[in-house]
Amino acid sequence: MMQPEGKNSQTPGVHSINIEKDLDLLKTAQGEGDLGSHVEGDMNVGGLSGTKSESVDGEFNTLDEPIMQTITRDLKAVGRKMMGALMPNPSKNLLMKEWDLWGPLILCTYIGLMLQGMDDSSGYQFTELFVLVCLGTAGVTYHLINISHASLSIFQAICVLGYCLGPLAVGVSLFELMNLFGLKKDTTFFRFLIVCGCITWGTYSSTKTLGTTVPGEKQYMKLAPVIVYYSLVGILIFYHSMPY
């Protein structure tokens, strides 16, 4: 059936396109600001520039920057996080916000190599330390996430536990200096005090950071495996650093 001319016919479910209305909106937008100025020039996607290597928050695009610049920047980030582990500040919480695994790898390798050079009796010092750190970190991480229900990821837990080996690395360095200066005899008690201080320091740093992720009361009871972990690492360091 034909409809009278002059009336708009519209099929149900199909929206009509009003070209004149769209043109009016386009003219209004052009009057408020030049649309061409938003199209010309370099395209920036996600804060990245087509001609510069800078990206969001002042970070750099590692695909464009020189490799030495990337290495230097990463080493500076590791240094900041090591300082954050030695002097924990829950307000900044760098270890949780900007986690990485470079620091734990560097510290574990450093302590293992230092122990390897101190004690030549067995030759397995590096392996012993590496296995203990891996198994201990896995056990503590499992306890935190599945038993204590801490609000953190696996890699965040590994990052915190690894970086907080920093105090123990300081203790190993002191033992090496003592050996270099010939202070080997009658230093057992003094070495024991250093190890105890490093264990306390590392435990305090890690629990200060991880305590913010553990819900409920008696947080330090839930973090007891952390104390056991650093105590075992400290005992291993003390045993292999003793002059025989």
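Residues numbered from 1 in each chain as written. Predicted model: local features only at pLDDT ≥ 70, side-chain atom pairs only at ≥ 80, totals over all residues. Heavy atoms only, no water.

A. Just the overall build of the protein chain, in detail. On a plain count of helices and strands, the protein chain comes out with 11 helices and zero strands. Across the 244 residues that make up the protein chain, the buried fraction comes to 34%. In the protein chain, 64% of the contacts between residues at least 6 apart in sequence involve partners at least 24 apart. Accessible area of the protein chain: about 16000 Å², with a carbon and sulfur share of 64%. (Helix = DSSP H or I, 4+ residues; strand = E, 2+ residues; numbered from the N terminus. Buried < 20%, exposed > 50% of the residue type's maximum accessible area, 1.4 Å probe, protein only. Contact = heavy atoms within 4.5 Å. Areas by Shrake-Rupley, 256 points an atom, 1.4 Å probe, with all protein chains shown as cover.)

B. Quick peek at a nonpolar patch on the surface. On the surface, Val170, Leu174, Leu177, Leu180, Phe181, Leu183 and Trp201 cluster together to form a nonpolar patch covering roughly 690 Å² of accessible area. For the nonpolar patch, the element with the most residues is helix H8 (residues 166-180), which contributes four residues. Positionally, Val170 belongs in helix H8. (Patch = residues over 30% accessible without salt bridge, like charges linked within 9 Å, V, L, I, M, F, W, Y side chains within 5 Å. Salt bridge = Lys/Arg side-chain N within 4 Å of Asp/Glu carboxyl O.)

C. Spotlight on the packing of aromatic side chains. For the structure on display, the rule yields four aromatic pairs. Note on Tyr229 and Tyr230: the rings are 4.9 Å apart at their centroids and 65 degrees apart in plane angle, and the pair reads as edge-to-face. (Phe/Tyr/Trp six-rings, centres within 6.5 Å; stacked < 30°, edge-to-face > 60°.)

D. Quick peek at empty space enclosed by the protein. What the rule picks out here adds up to one cavity of 30 Å³ or more. Roughly 40 Å³ of internal volume is contained in the largest cavity. Around the largest cavity sit Leu168, Gly171, Val172, Phe175, Ile194, Val195, Cys198, Gly234 and Ile237, which together line it. Those elements giving two or more residues to the lining of the largest cavity turn out to be H8, helix H9 (188-210) and helix H11 (224-241). Element by element, the count of residues in the lining of the largest cavity is highest for H8, at four residues. (1 Å grid on protein atoms, 1.4 Å probe; cavity = no way out; pocket = protein on both sides within 12 Å on 5 of 7 lines; lining within 4 Å. Points joined across faces, edges and corners; volume = space filled by probe spheres on them.)

E. Fine view of unusual backbone geometry. Unlike most non-glycine residues, His149 shows phi in positive territory, near 55 degrees. Checked against the element boundaries, His149 lands in the loop between helix H6 (125-147) and helix H7 (154-163).

F. Examining the confidence of the model for the protein chain more closely. Summing up the model confidence of the protein chain, the mean pLDDT is 78 and the portion of residues at 70 or higher is 71%. Segment residues 1-11 is flagged for pLDDT under 50; beyond a separation of four residues in sequence, or across chains, it makes three contacts in the model. In this model, residues 33-56 is a region of pLDDT below 50 whose contacts with residues beyond four sequence positions or in other chains number 23 contacts. (pLDDT = per-residue confidence, 0-100.)

G. Local environment of the environment of Val214. Tracing the sequence through the fold places Val214 in the loop between H9 and helix H10 (219-222). In the structure, Val214 is positioned 69 residues away from Ile145 in sequence and 9.0 Å away in space, judged by C-alpha atoms.

H. Local environment of helix H5 (residues 102-118). End to end, H5 covers 24 Å across 17 residues, agreeing with the expected 24 Å (1.5 Å per residue, within 8%). Burial in H5 covers these residues: Gly103, Pro104, Leu107, Cys108, Ile111, Gly112, Met114, Leu115 and Met118. Mapping the buried residues of H5 onto a view down its axis gives an arc of 160 degrees, with all of them on the same face. When the buried face of H5 is taken as reference, the exposed residues oriented beyond 90 degrees from it are Trp102, Leu113 and Gly117. On its buried face, H5 is in contact with helix H3 (67-86), H6, H7, H8 and H11. (Expected span 1.5 Å × (residues − 1). Arc of directions from axis to C-beta.)

I. Quick peek at the nonpolar core. In this structure, Ile111, Leu165, Leu168, Leu210, Tyr229, Tyr230 and Ile237 are the most contacted members of the largest nonpolar core, which totals 43 residues. If you list the elements that add at least two residues to this core, you get H3, helix H4 (94-97), H5, H6, H7, H8, H9 and H11. The element that contributes the greatest number of residues to this core is H11, accounting for seven residues. Beyond its immediate sequence surroundings of up to four residues, Ile111 is in contact with Leu129, Leu165, Leu168, Ala169, Val172 and Ile237. (Core = buried A, V, L, I, M, F, W, Y, C linked by side-chain atoms within 4.5 Å.)

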